[in-house]
Amino acid sequence: MNIERVELMVVRLDLVRSFETSSSQRRFLEHILVKAYADGLTGWGECASPIDPYYCEETTETCWHMLKDFLAPNVIGRPWETIEEFMAPLRKVKRNNFAKAGIEMAAWDLLAQAAGKPLHAMLGGTRSEILSGVSLGIERDTARLFAIIDQYLGEGYRRVKLKIGPGRDVDVIRAVRERYPDLPLMADANSAYRLGDLPILQQLDQFDLMMIEQPLAHDDIIDHATLQAGLRTPICLDESIHSAEDARKALDLDSGRIINIKVSRLGGLLEAQKVHDLCRERGVPVWCGGMHEYGIGRAANVAISTLPGFTLPGDISGSDKYYAEDIVNPPIRATRGAIAAPSGPGLGYAPDEGRIASATVRALTVGE
Ligand code: OSB
Ligand code: MG
């Protein structure tokens, strides 16, 4: 496979509902789509970085810089057969995982199309449908939060994740637990607490949460181990895991007992597969995290979620939870809390080029 040129597009979409976490608030997103041309095929990828550096250090702008000046130029005109070979020239680029994930996804799409297989089959997926939950932003009004939860439970979603932060934790979780005694429920702190907050987090133990996601600093796995020793609720790590090596160290230290596999944060599907395999070997449950992906990145999330270790419902919801209109056809649909793995080759959803063009705010071709 030989990539001749790469098109980069910044595509802007409004969210149907603005999303607040302990670290940011957003109403619209600007994700970069990567379209790679090779051997008569076109492969698509999505770089799902937020525009601001509040979840991690990357932004849409840093991803644009990396893709344009380092990642695309290093893969253009360099033949490869496997994803390991495709990634080899990018290994020297440190971190910048969201940017790497965008171009790696396009390579997987090319490879799967060339093999005439769905991406999930290329990745070793075994499930025909994936379990789907919803991640809800911080809502200031409890009645409104209940209405939102009712809506998604009515649509059949299997679990609810609530964003929490200091001052918006125990009371909210208590209220939700009282109203929904049997709901599979979890909380995501997006690194808002410190070890000294142990007593607050211990109060959450009484609400039978499936897990608390990333309570402590984005770059920590040491204090998380101390915290886990003092909590009954399992800790799930998100922000602090960037590779399978990070996951191994965190599991060795017992810094958490569940891992959120997020393709962007891990720098692509290959590393996501590695984290999955490691966790499976160790009997550690995983689920697929999201970054409000458009249809292309969402298709990749659906594909990775078909691997056998994804035993917990993930944050991968139907397109309509996020966007009035997605950029792929058909849009990704969750029915009774499950998304069916598509049967077509590659990503299995067709990018809608007209819709993409009308939402594109910047474009560039590398390799012409
Ligand atoms: O921490 O998992 C997170 C969205 C943006 C940034 C960070 C996170 C999230 C989500 C939403 O929780 C997941 C989704 O529905 O795509
Ligand atoms: Mg998270």
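This one's a predicted model, so the numbers in the text were calculated from it and none came from an experiment.

Chemist: Residue-level account of helix α3 (residues 97-115), with values.
Modeler: Here α3 contains 19 residues, and its C-alpha end-to-end distance of 26 Å stays within 8% of the 27 Å for a straight helix at 1.5 Å per residue. Counting buried positions along α3 yields 16 of 19 residues, so the element is predominantly enclosed. The positive-phi residue at the C-terminal boundary of α3 is Gly116, with phi of around 70 degrees.

Chemist: Mind laying out the packing of aromatic side chains, listing which residues take part and the relevant values?
Modeler: In this structure the tally under the stated criterion is 6 aromatic pairs. An aromatic cluster of three or more residues is present, and its members are Tyr294, Tyr322 and Tyr323. When the ring centre of Phe28 is taken as origin, the NZ or CZ atom of Arg12, which lies over that ring, is 3.6 Å away.

Chemist: Before we move on, can you summarise the site of ligand 1 with the specific residues and values?
Modeler: Ligand 1 sits among 16 residues. The nearest are Ser135, Lys163, Asn190, His292 and Tyr322. A distance of 3.0 Å is found between an oxygen atom of ligand 1 and a side-chain nitrogen or oxygen belonging to Lys163. Interatomic distance of 3.0 Å between a side-chain N/O atom of Asp188 and an oxygen atom of ligand 1. Relative to its free-state accessible area of 390 Å², ligand 1 is covered by the protein chains to the extent of 99%. The pocket occupied by ligand 1, as judged from atoms lying within 2 Å of grid points, is the largest cavity. Among the residues making up the shell around ligand 1, the classes are represented as 4 nonpolar, 4 polar and 8 charged.

Chemist: So what's going on with the layout of surface pockets? Residues and values would help.
Modeler: Roughly 280 Å³ of volume is contained in the largest pocket. The wall of the largest pocket is formed by 16 residues, among which Arg91, Asn97, Lys100, Leu266 and Glu271 lie closest to the centre. Of all elements in the fold, only α3 and α10 (269-281) reach the threshold of two or more residues within the lining of the largest pocket. Class assignment of the residues belonging to the lining of the largest pocket gives a composition of 5 nonpolar, 4 polar and 7 charged. The space that makes up the second largest pocket amounts to roughly 150 Å³. Tallying contributions element by element places strand β13 (residues 338-340) first for the lining of the second largest pocket, with 3 residues. Here the residues of the lining of the second largest pocket sort into 7 nonpolar, 1 polar and 4 charged.

Chemist: Lay out the coordination of the magnesium ion (ligand 2) with the relevant residues and their values.
Modeler: Reference values for coordination geometry: four tetrahedral donors around a metal ideally subtend 109.5 degrees, six octahedral donors ideally subtend 90 or 180 degrees. Looking at the magnesium ion (ligand 2), one finds its protein donor set to be Asp188 (OD), Glu213 (OE) and Asp238 (OD), positioned 2.2 to 2.3 Å from the metal centre. Given the relative accessible area of 0%, Asp238 is considered buried.

Chemist: Hey, could you go over unusual backbone geometry for me, with residue numbers and the actual values?
Modeler: With an omega of -10 degrees, the peptide bond between Asn329 and Pro330 qualifies as cis. In this structure, Pro330 sits in the loop between β12 (328-329) and β13. Of note, Asn190 is a non-glycine position whose phi angle comes to about 40 degrees, a positive value. Note on placement: Asn190 falls in the loop between β7 (185-188) and α7 (198-203). Relative accessible area serves as the criterion here: at 4%, Asn190 is assigned to the buried category. Its identity as a non-glycine residue notwithstanding, Gln214 has a phi of 35 degrees, on the positive side. Along the chain, the position of Gln214 falls in the loop between β8 (212-213) and α8 (223-229).

Chemist: Residue-level account of the sheet that holds strand β1 (residues 3-20), with values.
Modeler: Paired through backbone hydrogen bonds, the strands of a sheet run either parallel or antiparallel to each other. The antiparallel open sheet is built from 4 strands, whose spatial order is β3-β2-β1-β15. Strand pairing shows two members of the sheet lacking a second neighbour, β3 (41-47) and β15 (360-366), which therefore form its edges. Taking the axes of each pair of neighbouring strands and ignoring which way they run, one obtains an average angle of 20 degrees across the sheet. Two strands pair when backbone bridges link them, and β1 and β15 are joined in this way by 6 bridges, in the antiparallel orientation.

Chemist: Tell me about the packing of α3 against α10, and name the residues and values.
Modeler: Two elements in contact, α3 and α10, have axes separated by 9 Å at closest approach and are oriented at 90 degrees. One element, α3, and the other, α10, form an angle in the roughly perpendicular class. Across the interface between the two elements, Glu104, Met105 and Trp108 of α3 pack against Leu269, Leu270 and Gln273 of α10. The residue makeup of the contact of α3 with α10, split by class, is 4 nonpolar, 1 polar and 1 charged.

Conventions adopted
Residues numbered from 1 in each chain as written. Chains lettered and ligands numbered in written order. Predicted model: local features only at pLDDT ≥ 70, side-chain atom pairs only at ≥ 80, totals over all residues. Heavy atoms only, no water. Helix = DSSP H or I, 4+ residues; strand = E, 2+ residues; numbered from the N terminus. Expected span 1.5 Å × (residues − 1). Buried < 20%, exposed > 50% of the residue type's maximum accessible area, 1.4 Å probe, protein only. Phe/Tyr/Trp six-rings, centres within 6.5 Å; stacked < 30°, edge-to-face > 60°. Lys NZ or Arg CZ within 6 Å of the ring centre and 35° of its normal. Near = heavy atom within 4 Å. Polar contact = N/O pair within 3.5 Å; in protein donor to acceptor, adjacent residues only side chain to side chain. Areas by Shrake-Rupley, 256 points an atom, 1.4 Å probe, with all protein chains shown as cover. 1 Å grid on protein atoms, 1.4 Å probe; cavity = no way out; pocket = protein on both sides within 12 Å on 5 of 7 lines; lining within 4 Å. Sits in = over half its atoms within 2 Å of the grid points. Nonpolar A, V, L, I, M, F, W, Y, C, P; charged D, E, K, R; others polar. Points joined across faces, edges and corners; volume = space filled by probe spheres on them. Donors = N, O, S within 2.8 Å, 3.2 Å for Na, K, Ca; no water. Pairing = 2+ DSSP bridges. Axes fitted to C-alpha atoms, helices over the stretch in contact; angles between N-to-C directions. Parallel < 35°, antiparallel > 145°, perpendicular 65-115°, else oblique. Contact = heavy atoms within 4.5 Å.

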